Amino acid sequence: MPIKFPFTKSKSKPEPQTPGLDYKQLPRHVAIIMDGNGRWAKNKGLPRIAGHKEGMNVVKKVVRHASNLGIDVLTLYAFSTENWKRPKTEVEFLMKLPMEFLNTYLPELIEKNVRVETIGDFERLPEHTKTAVQEAKDRTKNNTGLILNFALNYGSRYEMVEAVKVVADEVKQGNLDVDEIDEGCISRHLYTADLKEPDLLIRTSGEQRLSNFLLWQLAYSEFWFTDVYWPDFNEAYFEKALYDYQNRKRRYGGV
Ligand code: FPP
């Protein structure tokens, strides 16, 4: 049974809802693998794309809530470099979702001071997807609130390979010494160069793997898994993840 969240008004300010959750000690960057859309749809006798459509509505809820809570960065895995292998109609539907989402939601993102960003191989997205997302990025680029970071055509290994190529080229050109290559150097060459690393990774649908998502950046993040399918995810589950995060001890390899 999905947990119901007692919010009625979509734009209401958050009141403490989860007993024990400290709203002043929240993770700064939350990353989410939004999984289970297809299974959710199948269970209801619906086509897979119905799951993605409902998943988009959940994105709205979670973005709104993360913004209200004052979280700095929300990174959402919307389309992986491996997702091109899906049936053409599903890929086409997924590629239209950002436009559909932004058509109805961009004014609210602007009003809420949200900045839209992306990570991934942006250039290889279809023109209509790029146009919609670029417009959102441009129109929100000076916003200082939540960074809503869509991983679109994103693959972590590809990201690292590209970073290594750039670093190698800098060495070849004589602009970088091999001894200067350290973790900071690699981080600065990833799509996420300007972002802090995720504190918390959430994955829905019962799967417990990273699926080529932020392999470098998640090195010290806390992982939180739920069996709930993404279309059934809501603000209450999000807060449960935040609560559990607060009760973890992050040691970064120390004691
Ligand atoms: C994985 O579920 C989900 C995706 C590949 C797409 C996720 C996209 C959304 C939730 C909507 C994104 C919204 C915007 C605004 C970009 P799955 O299809 O693999 O589910 P399954 O494992 O049950 O088949």
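Residues numbered from 1 in each chain as written. Predicted model: local features only at pLDDT ≥ 70, side-chain atom pairs only at ≥ 80, totals over all residues. Heavy atoms only, no water.

As recorded in an unreviewed UniProt entry, the protein goes by the name Isoprenyl transferase, listed as coming from Thalassobacillus cyri. Comment text from UniProt for the protein, heading Sequence similarities (unreviewed entry), reads "Belongs to the UPP synthase family." Recorded in UniProt under Function (unreviewed entry), the annotation for the protein is "Catalyzes the condensation of isopentenyl diphosphate (IPP) with allylic pyrophosphates generating different type of terpenoids." (UniProt positions renumbered as here; feature names shortened; annotations may be inferred.)

The next subject is the overall build of the protein. Helices and strands together make up the secondary structure of the protein, namely seven helices and six strands. Sequence-ordered secondary structure for the protein, helices as α and strands as β, is β-α-α-β-α-β-α-β-α-α-β-β-α. For 255 residues, the compact-globule estimate of 2.2 N^0.38 gives 18 Å, and the protein sits close to it at 19 Å. The long-range share in the protein, meaning contacts at least 24 apart out of those at least 6 apart in sequence, stands at 77%. Working note: accessible area of the protein is about 13,300 Å², and carbon and sulfur atoms make up 51% of it. (Helix = DSSP H or I, 4+ residues; strand = E, 2+ residues; numbered from the N terminus. Rg over C-alpha atoms; globule rule 2.2 N^0.38 Å. Contact = heavy atoms within 4.5 Å. Areas by Shrake-Rupley, 256 points an atom, 1.4 Å probe, with all protein chains shown as cover.)

This part is about helix α4 (residues 127-140). Here α4 spans 20 Å end to end across 14 residues, near enough to the 20 Å set by a 1.5 Å rise per residue. Against the buried residues of α4 lie α3 (88-111), β3 (115-119) and β4 (147-154). (Expected span 1.5 Å × (residues − 1).)

This paragraph deals with the packing of helix α2 (residues 48-69) against α3. Closest axis-to-axis distance for the α2/α3 pair is 10 Å, and the angle between their directions is 30 degrees. One finds that α2 runs roughly parallel with respect to α3. Between α2 and α3 lies a crossing of right-handed hand. Residues Arg48, Ile49, His52, Lys53, Met56, Val59, Lys60, Val63 and Arg64 of α2 form the contact with α3, whose participating residues are Glu90, Phe93, Leu94, Leu97, Glu100, Phe101, Thr104, Tyr105, Glu108 and Leu109. Within the contact of α2 with α3, the residues separate by chemical class into 10 nonpolar, two polar and seven charged. (Axes fitted to C-alpha atoms, helices over the stretch in contact; angles between N-to-C directions. Parallel < 35°, antiparallel > 145°, perpendicular 65-115°, else oblique. Left-handed = near helix turned anticlockwise from the far one by under 90°. Nonpolar A, V, L, I, M, F, W, Y, C, P; charged D, E, K, R; others polar.)

Right, let's talk about the site of the ligand for a bit. Taken together, 16 residues surround the ligand, and among them Gly38, Arg39, Arg48, His52 and Arg86 come closest. Gly36 is positioned with one of its backbone polar atoms (N or O) 3.4 Å from an oxygen atom of the ligand. In this structure, Arg39 approaches the ligand through a main-chain N or O atom, which is 2.7 Å from an oxygen atom. Taken by itself the ligand offers 620 Å² of open surface, and the protein chains cover 91% of this. Mapped by element, the contributors of at least two residues to the shell around the ligand are α1 (37-43), α2 and α3. Taken together, the residues of the shell around the ligand break down into seven nonpolar, five polar and four charged. (Near = heavy atom within 4 Å. Polar contact = N/O pair within 3.5 Å; in protein donor to acceptor, adjacent residues only side chain to side chain.)

Those places that UniProt annotates as "binding site: Mg(2+)" (unreviewed entry) correspond, in this numbering, to Asp35 and Glu222. Inspection of the secondary structure puts Asp35 in the loop between β1 (29-33) and α1. Excluding residues within four positions of it along the chain, Asp35 makes contact with Arg203, Thr204, Ser205, Glu207, Tyr229 and Trp230. Within the structure, Asp35 has its side chain in polar contact with the side chain of Ser205 (distance 3.0 Å). By the element assignment, Glu222 lies in strand β6 (residues 222-225). In this view, Glu222 contacts Asp199, Leu200, Leu201, Tyr245, Arg248, Lys249 and Arg250; residues no more than four positions away in its chain are not counted.

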